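In case you want the letters, here they are:
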Amino acid sequence: MARYRPPPIPASEITPEPVYRARREFMAGALALGAGAAWPGESAAQMVMNVSVVEKLQFRPNPRFSTDEPKNTFEEITTYNNFYEFGTDKSDPAKNARSFRTRPWNVAIEGEAEVTGSFALEDLLKPHALEARIYRLRCVEAWSMVIPWIGFPLGELVKRCKPTSRAKYVEFTTLLDPKQMPGQRFPVIQWPYVEGLRMDEAMHPLAILAVGLYGEVLPNQNGAPLRLVVPWKYGFKSIKSIVRIRFTEKQPRTSWELSAPREYGFYANVNPEVDHPRWSQKRERRIGAGSLWDRRPTLPFNGYDEVAGLYRGMDLRKFF
Ligand code: MTE
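As a starting point, this report considers the structure included with it. What you see as residue numbers is a count from 1 along each chain, following the sequence as written. In view of the model being predicted, local features appear only for residues whose pLDDT reaches at least 70, and side-chain atom pairs are presented and counted only at 80 or more, with totals across whole chains, interfaces and linings using the full set of residues. Remark: hydrogens and water are excluded; side-chain values derive from all non-hydrogen atoms of the structure.

### Some details on the packing of aromatic side chains
Part 1 of the argument: Centre distance within 6.5 Å is the pairing criterion for rings of Phe, Tyr and Trp, where only the six-membered ring of Trp is used; planes under 30 degrees apart are then read as stacked, over 60 as edge-to-face, and the remainder as tilted. Within the structure shown, the criterion is met by 14 aromatic pairs.
Part 2 of the argument: Pairing Phe74 with Tyr214 gives two aromatic rings, centres 6.0 Å apart and planes at 65°, and the pair type is edge-to-face. Here Tyr214 lies in the loop between strand 8 (208-213) and strand 9 (216-217) and Phe74 lies in helix 4 (residues 74-79), a separation of 140 residues in the sequence.
Part 3 of the argument: Summarising the aromatic geometry, the rings of Tyr80 and Trp143 are spaced 5.1 Å apart at their centres and angled 85° between planes, so their arrangement reads as edge-to-face. Of this pair, Tyr80 sits in the loop between helix 4 and helix 5 (92-96) while Trp143 sits in strand 5 (residues 143-153), placing them 63 residues apart in sequence. Here a helix means four or more residues in a row that DSSP labels H or I, a strand means two or more in a row labelled E, and each is numbered from the N terminus.

What follows is the structure, given as structure tokens:
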């Protein structure tokens, strides 16, 4: 059992009740800190009808951590999804997550940290300025996309939680709610969805927690209201709709590893040299670009070479 600790945020800073209740004030704290940028000429709201709540976020573009490759469209990003809690077909999440309730939303911080407890999402986000980062997302099924996320470095939140010296890993858990998530009524994988990172991976500046894309609050099918994005790893590490973050001494047992240990490893770094039993990882199809048969070479660590140092000396075939 995690010990309950009072929130680290002084009561005076907590959003007043009426504001908190106003739907448009979602993440008021985070918004206040943003710089107020927008994607020129792009209105995602016009393109998608199945997003029940479309809200603008304020954020600062971060070119240092962004690719200049052409972005996938909002339509592609929000209609071609893996979110098994809402069905296993790529088109299922957009249909089945429409009425998914993402507010109010609490996140439990547990385990080997000084700051633990249950936090309203608004309070958790309050101190963090939002950034836009255009990342490649490479799925283990050998397709990829380019997505303009809005989020903040995971490492900033980790630091605020003050992990103890015993904390070696961070475990993330998705909401378990078969009433709202029809996919959880079937034993496709072990529910709830669990993922994890080693502490140094979690602290790497490329790892972010995302709350939006294309300047707007995350559509439900993309993991609203809070998801992980780890661009140098296969997409399945980027867990959606997070309700628990736990600091652990032992390596977390992730859902995919438990379901098919030969196919999915804990590290899941994008690696063209190590094939998945069902999909060669040498090449990939960029969704929306070229014909169905066009393939581009997959790059080690999905092209994010700056993380290579995290794995120096490790046999990446063994620790796949
Ligand atoms: N998180 C949860 N909870 N459930 C899932 O099924 N699918 C993963 C990941 N996160 C998944 C998840 C996979 S396989 C991929 S490729 C990405 O989400 C897809 O993210 P996107 O739909 O936003 O592109």
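Still to come is the rest of the account.
### A short note on the pattern of salt bridges
Part 1 of the argument: A pairing counts as a salt bridge when a side-chain nitrogen of Lys or Arg comes within 4 Å of a carboxyl oxygen of Asp or Glu. As enumerated under the stated definition, the model contains 15 salt bridges in all.
Part 2 of the argument: The closest approach of N and O atoms between Arg246 and Glu110, which form a salt bridge, is 3.2 Å. Taken together, the residues span a long stretch of sequence, with Arg246 in strand 11 (residues 242-248) and Glu110 in strand 2 (residues 106-111) at a distance of 136 residues.
Part 3 of the argument: Between Glu284 and Arg138 there is a salt bridge, and its shortest N-O distance comes to 2.9 Å. With Glu284 in strand 12 (residues 283-286) and Arg138 in strand 4 (residues 131-138), the pair connects residues that are 146 residues apart, well separated along the chain. The exposure classification of Glu284 matches that of Arg138, with both residues buried.
Part 4 of the argument: Shared partners join several salt bridges into a network, and the residues in it are Glu69, Arg136, Arg138, Glu284 and Arg286. Partly exposed residues are those whose accessible area sits between 20% and 50% of the maximum for their type, while under 20% is buried and over 50% is exposed, using a 1.4 Å probe and protein chains only.

### Some words on the site of the ligand
Part 1 of the argument: Taken together, 17 residues form the shell around the ligand, and within it Asn81, Tyr84, Glu85, Arg227 and Lys240 come nearest.
Part 2 of the argument: In protein, a polar contact means a hydrogen-donor-capable atom and an acceptor-capable atom, both N or O and within 3.5 Å, with residues adjacent in sequence counting only if both atoms are side-chain atoms; elsewhere, any N or O pair within 3.5 Å suffices. Between the ligand and Asn82, the relevant distance is 3.2 Å, taken from a nitrogen atom to a main-chain nitrogen or oxygen of the residue.
Part 3 of the argument: Taking Lys240, its side chain carries an N or O atom lying 2.7 Å from an oxygen atom of the ligand.
Part 4 of the argument: Accessible areas in this description were obtained via Shrake-Rupley with a 1.4 Å probe; residue shielding takes into account the shown protein chains only. Protein coverage of the free-state accessible area of the ligand, which is 530 Å², stands at 97%.
Part 5 of the argument: When atom positions are compared with the pocket grids, the ligand is found to occupy the largest pocket.
Part 6 of the argument: Under the convention adopted here, Pro, Cys and the residues Ala, Val, Leu, Ile, Met, Phe, Trp and Tyr are nonpolar, Asp, Glu, Lys and Arg are charged, and Gly plus all remaining residues are polar. Here the residues of the shell around the ligand are counted per class, giving 8 nonpolar, 6 polar and 3 charged. Only heavy atoms are used to decide nearness, and a residue is near a molecule or strand if one of them lies within 4 Å of it. Only protein atoms enter the 1 Å grid used here. Points where a 1.4 Å probe fits but cannot escape make up a cavity, open sets with protein on both sides within 12 Å along at least five of seven lines make up a pocket, and a residue lines them when an atom lies within 4 Å of a point. Any molecule with more than half of its atoms within 2 Å of a cavity's or pocket's grid points is regarded as sitting in that cavity or pocket.

### Focus: the layout of surface pockets
Part 1 of the argument: Considering only enclosed or pocket space, the largest pocket measures out at about 500 Å³ in volume.
Part 2 of the argument: Forming the boundary of the largest pocket are 31 residues, of which Asn82, Cys139, Tyr193, Gly235 and Phe236 lie nearest the centre.
Part 3 of the argument: Mapped onto the lining of the largest pocket, the elements with two or more residues apiece are strand 5 and helix 9 (255-259).
Part 4 of the argument: Of all the elements, strand 5 adds the most residues to the lining of the largest pocket, at 4 residues.
Part 5 of the argument: Its residues assigned to classes, the lining of the largest pocket shows 19 nonpolar, 7 polar and 5 charged. Grid points are joined across faces, edges and corners, and a volume is the space filled by probe spheres set on the points.

### A closer look at the pairing of strand 3 (residues 117-120)
Part 1 of the argument: Relative to strand 3, strand 2 is paired through 4 bridges, and the arrangement is antiparallel. In the sheet register, Ile109 faces strand 3, and the bridge partner there is Gly117.
Part 2 of the argument: A pair of strands is considered paired only if DSSP assigns at least 2 bridges between the two. If you look at the hairpin formed by strand 2 and strand 3, you'll find 5 residues sitting between the two strands.

### Some words on the sheet that holds strand 2
Part 1 of the argument: Read from one edge of the open sheet, 5 strands run 3-2-11-6-7, paired in mixed fashion. At either margin of the open sheet sits one strand with a lone partner, and together these are strand 3 and strand 7 (194-198). On average, each strand axis in the sheet is inclined to that of its neighbour by 20°, with strand direction left out of account.
Part 2 of the argument: Sheet strands touched by helix 7 (residues 154-161): strand 2, strand 6 (169-174), strand 7 and strand 11. Its angle to strand 11, the strand with the most contacts, is close to 60°. All axes here are fitted lines through C-alpha atoms, helices being fitted over the stretch that makes contact, and every angle between N-to-C directions spans 0 to 180 degrees. Contact definition: two residues touch when any of their heavy atoms are within 4.5 Å.

By themselves, these figures tell us nothing about what the structure is for.
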